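# Inside the fold
What follows is each chain in one-letter form.
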Amino acid sequence: MAAPLDMEPPALSLELLPTDPLLLILSFLDYRDLMSCCYLSRRLNQLSSHDPLWKRQCKKYWLISEEEKSQRNQSWKAIFISTYSDLGRYIQYYATLKKAWDDLEKYLGQRCPRMIGSLKESVREEDLDAVEAQIGCKLPDDYRCSFRIHNGQKLVVPGLMGSMALSNHYRSEDLLDIDTAAGGFQQRLGLKQCLPLTFCIHTGLSQYMALESVEGRNKYEIFYQCPDQMARNPSAIDMFITGTSYLEWFTTYVHKVVTGGYPIIRDQIFRYVHDKECVATTGDITVSVSTSFLPELSSVHPPHYFFTYRIRIEMSKDALPEKACQLDSRYWRITNAKGDIEEVQGPGVVGEFPIISPGRVYEYTSCTTFSTTSGYMEGYYTFHCLYYKEKFFNVTIPRFHMVCPTFKVSTARMVSEDAVETNHNEYAVDEDEDSTDTDEYEDRRRVLDIPAPSGRCPRHT
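Residues numbered from 1 in each chain as written. Predicted model: local features only at pLDDT ≥ 70, side-chain atom pairs only at ≥ 80, totals over all residues. Heavy atoms only, no water.

Turning our eyes to something else, we now look at the pattern of salt bridges. All chains considered together, the criterion is met by 29 salt bridges. Of the charged contacts, one joins Arg 148 and Glu 125 as a salt bridge, the two residues approaching to 2.8 Å between their closest N and O atoms. Taken together, the residues span a long stretch of sequence, with Arg 148 in helix H10 (residues 141-149) and Glu 125 in helix H9 (residues 125-135) at a distance of 23 residues. According to the relative accessible area criterion, Arg 148 is buried, its value standing at 14%. (Salt bridge = Lys/Arg side-chain N within 4 Å of Asp/Glu carboxyl O. Helix = DSSP H or I, 4+ residues; strand = E, 2+ residues; numbered from the N terminus. Buried < 20%, exposed > 50% of the residue type's maximum accessible area, 1.4 Å probe, protein only.)

With antiparallel pairing, the five strands of this open sheet are ordered in space as E4-E6-E7-E8-E20. If you trace the sheet from one side to the other, it starts and ends with strand E4 (194-196) and strand E20 (407-408), each paired once. Note that E4 and strand E6 (residues 207-210) share three bridges and pair antiparallel. By the bridge assignment, Pro 196 is partnered in E6 with Tyr 208. The sheet contacts of helix H12 (residues 246-258) involve E6, strand E7 (222-227) and strand E8 (237-243), and relative to E8 the element is tilted by about 65°. (Pairing = 2+ DSSP bridges. Contact = heavy atoms within 4.5 Å. Axes fitted to C-alpha atoms, helices over the stretch in contact; angles between N-to-C directions.)

For the rest of this paragraph, the subject is the sheet that holds strand E13 (residues 305-315). The sheet built from four strands is open, its strands ordered E11-E12-E13-E17 with antiparallel pairing. The strands lining the two open edges of the sheet, one partner per strand, are strand E11 (273-282) and strand E17 (361-370). Within the sheet, the average angular offset between the axes of one strand and its neighbour, ignoring direction, is 20°. As judged from the ten bridges shared by E13 and E17, these two strands associate in the antiparallel manner. Each bridged residue has a counterpart across the sheet, and for Thr 308 the counterpart in E17 is Cys 367.

Core analysis: the largest hydrophobic core is formed by 62 residues, its most contacted members being Leu 108, Leu 139, Tyr 143, Leu 160, Tyr 246 and Phe 250. Sorting elements by how many residues they give to this core places helix H7 (residues 94-111) first, with seven residues. Domain assignment of the residues forming this core places at least three in each of domain 1 (19-89) and domain 2 (94-258). Core analysis: the next-biggest nonpolar cluster, separate from the first, contains 38 residues, Phe 293, Phe 307, Ile 356 and Tyr 364 among them. (Core = buried A, V, L, I, M, F, W, Y, C linked by side-chain atoms within 4.5 Å. Domains from an automatic or database assignment.)

Structural data, given as structure tokens:
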């Protein structure tokens with residue numbers, strides 16, 4: 001007998017679904033929901049413990065590989081739970097930071113193997129708790145999480161966080177281990193409640209992380225300190241901002257390294273930034289430029305922003321042998337943020353007159369300063385042909401921009417100086433001076449098969 005038309009069909013329940021579609025539905029759930037399912041019914045308890053469901057969770061949150069799983073001889077669910085009991089507070093950060101560390105180790109293992117040897121093993125949770133008790137401040141979870149993977153590095157050269165070299169200036173920053181960082185924790189005016197993240201044994205330069213929102217800093221902001229040389233108060237510290245959190249700061253740096261954004265030179269990471277559009281080709285010769293800001297040689301008060309640039313000159317390997325040529329001179333057109341222009345012309349580059357032939361590369365490093373927070377340079381090199389000595393030609397240097405990082409002025413300047421002086425100087429940056437290009441910190445660097453030159457670099461190279 002047919003059922004009456006007005007009877008409602010029975011309600012659909014998950015319990016009534018066959019096993020395969022139900023497992024498919026459960027595969028879309030996160031670990032929290034899978035755990036909740038364990039308490040709903042006996043069947044859901046059984047199915048939510050299906051090991052392949054937890055394989056996905058282990059790979060997503062803890063980056064556990066099949067090889068690691070086989071070594072631990074546990075089910076995927078047991079591995080997830082045991083790892084969560086140790087690292088659960090970091091679950092929103094762990095996979096991102098672990099991948100960054102793994103990518104960095106793999107990349108440096110192939111290019112800078114001795115740097116890998118300087119990395120320290122992870123610290124325990126109780127070690128981080130002890131540091132918090134020592135300094136009287138809470139450490140952010142992303143910072144703690146990173147140190148559960150690697151406890152920074154030994155104080156060695158080269159440093160993991162990048163190098164920079166000019167003729168009479170060298171900087172290489174180590175990522176500090178937790179005990180050394182705690183020993184450098186600052187409570188003095190100007191750097192109150194700031195923890196050093198990096199340190200350069202040559203310059204004393206550090207990047208700091210603010211553990212509290214004091215003295216005009218945001219909590220967990222990362223910065224280079226920059227003494228205010230024009231303030232009467234010695235605690236007046238301006239800041240060049242390098243990150244808004246440890247996670248953002250560290251993963252951004254690692255991404256630039258492993259994608260080739262920072263070059264590896266002499267087994268070191270050099271923090272030059274190359275704009276892929278900053279390339280110019282004239283005939284068979286290509287010129288490309290990368291730049292870097294040097295906070296340790298810069299200041300906000302007085303306004304003095306120091307940049308270094310690295311130029312690569314290369315002749316195509318397919319060029320004819322008779323295209324070999326020698327650089328005679330260079331011309332620069334330097335423009336600051338106010339539109340003021342300075343033109344410079346002189347012989348050679350960094351005191352050199354390099355010969356370029358098919359497949360050969362010449363690279364050198366020079367520098368410039370601006371009294372404005374940004375500026376750009378462009379110009380050309382003049383070459384003569386070695387086979388036709390009377391033939392001269394110009395090679396374009398592409399326009400390249402230099403921009404100072406975001407900075408904050410010292411709050412000590414604002415509160416310590418009288419009202420008239422404060423109103424005049426609080427946020428003003430004097431930009432009346434023209435930019436200058438100096439040999440004071442210039443360096444040359446050659447690579448490949450070009451021999452190293454001697455002597456100092458001339459100005460405006």
